[in-house]
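Each chain is listed here by its residues.
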Amino acid sequence: MDLKKMLSSELGQRSPKDVQELVLDNCRASNGKFEGITEEFCNLETLSLINVGLTSVADIPKLVKLKKLELSDNSISGGLEVLAERLKNLTHLHLSGNKFKDISTLEPLKNLPQLKSLDLFNCEVTNLADYRESIFKLLPNLTYLDGFDIDNGEASDSEGEVDGAEDDDEDGDSEDFEEEEEDDDEDVVAEEDDEDDEEDDDSGDDEDGHVNGDVDSEEDVDDEEDEEEEDDDEDLSPAKGDKRKRDPEDEGDEED
C-alpha cells in the first residue's frame, strides 16, 4: 500500500487537526518523499514512518507540536536542516538503519534544543572511533544516544516514550500498587480470623477437660464415701461364729 492510501485509511473520518499520532510503517512512499502529510496535522505529536522507502526529509511539513519522529530503516543520508527548521519541539528522533556516514551530516541537529533521545543504531557513522564522544559533545542537551546515556547507563522503557505515555505508565503502576496493598490487607485480616478461631478451639478444649475432671473427681469422692460406710457397717456387726458370753446373773435367773 502506498503512503497516501495508508494515510487515508488511518485518518478515516477524523479531521487532520484531531490526530495526535500517526503510524504509517511499511507502506511505500512515491519517489522517496513525504506524501499526504501536511501542516493541517497541527496537533500531531508522534509520527512513525519505518521502512517506507524515504530518501529525503525535505518535504516534511512544519509540525510545531511533534515530539517523536520515527524514520528508521529508510535511505536518508543528509538534509537534516529541515528538521531543525520545522520541528522545533522534537524530543525523540529515530534514524537507525539509514545512511549517515559522518558526524558533519548530523550537525544540524544541534539546532533542536529539546532533543533528548537520538537513535543512530546500524548507521555507518556509529563505526567511527570517537562516535559517542563526538555526538554528546555536539548535542550537550542530549540524554540518550542509541538507548544509553553518556555513562553507558541503559534507558528504561518509559524514557523512550513521549511524556503522555510516561504519565500513563506511572498511573498504571500506582493502581497496581494500590491493588497489591488491598490484597495484603485482606490477607492480614484472614490470618487474624484464623488465629481467633484457633484460640476459641483451644479454650473450648480446656473447658471440656476441666468439666470432665470435676465430674471424675466427684464420682471418685462418692465411691470413697460408699466404701467407708460399708467398712463401718462391717465393724458394727458381730463376726460370724462368735458366741455371746452370758453373765452370771443371767444364769441365776434361768435356774429360778
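Residues numbered from 1 in each chain as written. Predicted model: local features only at pLDDT ≥ 70, side-chain atom pairs only at ≥ 80, totals over all residues. Heavy atoms only, no water.

Enquirer: How should the overall build of the protein chain be read in this particular structure?
Expert: In terms of helices and strands, the protein chain carries five helices and six strands. Within the span of the protein chain, comprising 256 residues, buried residues form 28% of the whole. Counting only contacts in the protein chain whose residues sit at least 6 apart along the sequence, the fraction spanning at least 24 positions is 51%. If you sum the accessible surface of the protein chain, you get close to 17200 Å²; carbon and sulfur atoms cover 40% of it. (Helix = DSSP H or I, 4+ residues; strand = E, 2+ residues; numbered from the N terminus. Buried < 20%, exposed > 50% of the residue type's maximum accessible area, 1.4 Å probe, protein only. Contact = heavy atoms within 4.5 Å. Areas by Shrake-Rupley, 256 points an atom, 1.4 Å probe, with all protein chains shown as cover.)

Enquirer: For this particular structure, what's the right way to read the sheet that holds strand β6 (residues 144-145)?
Expert: Two strands in a sheet stick together by hydrogen bonds in their backbones, pointing the same way (parallel) or opposite ways (antiparallel). Strand order across the open sheet formed by six strands is β1-β2-β3-β4-β5-β6, with parallel pairing between neighbours. Edge positions in the sheet fall to β1 (21-23) and β6, since each has one partner strand and no second. One ladder, built from two bridges, connects strand β5 (residues 117-119) with β6; its direction is parallel. Residue pairing for β6: S117 is matched across the bridge by Y144. (Pairing = 2+ DSSP bridges.)

Enquirer: Would you explain the nonpolar core in this entry?
Expert: Side chains of nonpolar character tend, in soluble globular proteins, to be buried together. Counting 49 residues, the largest nonpolar core has L49, L69, L118, L120 and I135 as its most contacted members. When contributions to this core are tallied by element, the ones reaching two or more residues are α1 (3-11), α2 (81-86) and α3 (131-138). Look past the residues within four positions of L49 in its chain and what remains in contact with it is L3, L24, D25, F34, I37, L54, E70, L71, S72 and N74. (Core = buried A, V, L, I, M, F, W, Y, C linked by side-chain atoms within 4.5 Å.)

Enquirer: Help me understand α1, please; the structure alone is not making it clear to me.
Expert: Since the α-helix turns once every 3.6 residues, residues separated by three or four places project in the same direction. Inspection of α1 places L3, M6, L7 and L11 among the buried residues, and these make up the whole buried set. When α1 is viewed along its axis, its buried side chains cluster within an angular range of 130° and face the same direction. The exposed set on the far side of α1, more than 90 degrees from its buried face, consists of K5, S8 and S9. The distance from a side-chain oxygen at the start of α1 to the backbone nitrogen of K4 is 3.3 Å, and the residue carrying that oxygen is D2. Remark: G12 follows α1 within two positions and exhibits a positive phi of approximately 60°. (Arc of directions from axis to C-beta. Polar contact = N/O pair within 3.5 Å; in protein donor to acceptor, adjacent residues only side chain to side chain.)

Enquirer: I keep staring at the side chain of S117 and nothing clicks. Help me out?
Expert: Secondary-structure assignment places S117 in strand β5. Apart from the residues lying within four places of it in its own chain, the contact partners of S117 are T91, H92, L93, L142 and Y144.

Enquirer: I'm lost on α3 in this one. Help?
Expert: Those residues of α3 lying buried are Y131, S134, I135, F136 and L138. Where the residues of α3 are buried, they touch β5 and β6.

Enquirer: Even after reading the chapter, I still don't get the environment of F34, so can you show me in this structure?
Expert: With respect to the helices and strands, the residue F34 is situated in the loop between β1 and β2 (46-48). Apart from the residues within four sequence positions on either side, F34 is in contact with L3, L47, L49, L54, S56, V57, D59, I60 and L71.

Enquirer: For this particular structure, what's the right way to read unusual backbone geometry?
Expert: Note: most peptide bonds trans; most residues except glycine with negative phi. Look at N51: it is not a glycine, yet its phi comes out positive at around 55°. Mapped onto the secondary structure, N51 falls in the loop between β2 and β3 (68-70). Looking at N51, the relative accessible area reads 33%, which means it is partly exposed. With phi around 70°, N122 is a residue other than glycine that occupies positive phi space. N122 gets classed as exposed once you look at its relative accessible area, which sits at 57%.

Enquirer: Would you take a moment to explain the environment of L80 for this structure?
Expert: Along the polypeptide, L80 turns up in the loop between β3 and α2. According to the relative accessible area criterion, L80 is buried, its value standing at 1%. In the structure, L80 is positioned 23 residues away from V57 in sequence and 7.1 Å away in space, judged by C-alpha atoms. Excluding its chain neighbours within four sequence positions, the residues that come into contact with L80 are L95, F100, T105, L106, P108 and L109.

Enquirer: Sorry, what's going on with the side chain of N74 here?
Expert: Within the fold, N74 resides in the loop between β3 and α2. Reaching out from N74, the side chain makes a polar contact with the backbone oxygen of L71 at a distance of 2.9 Å. Setting aside residues up to four positions removed in sequence, N74 forms contacts with L49, I50, N51, V52, G53, L54, G97 and N98.

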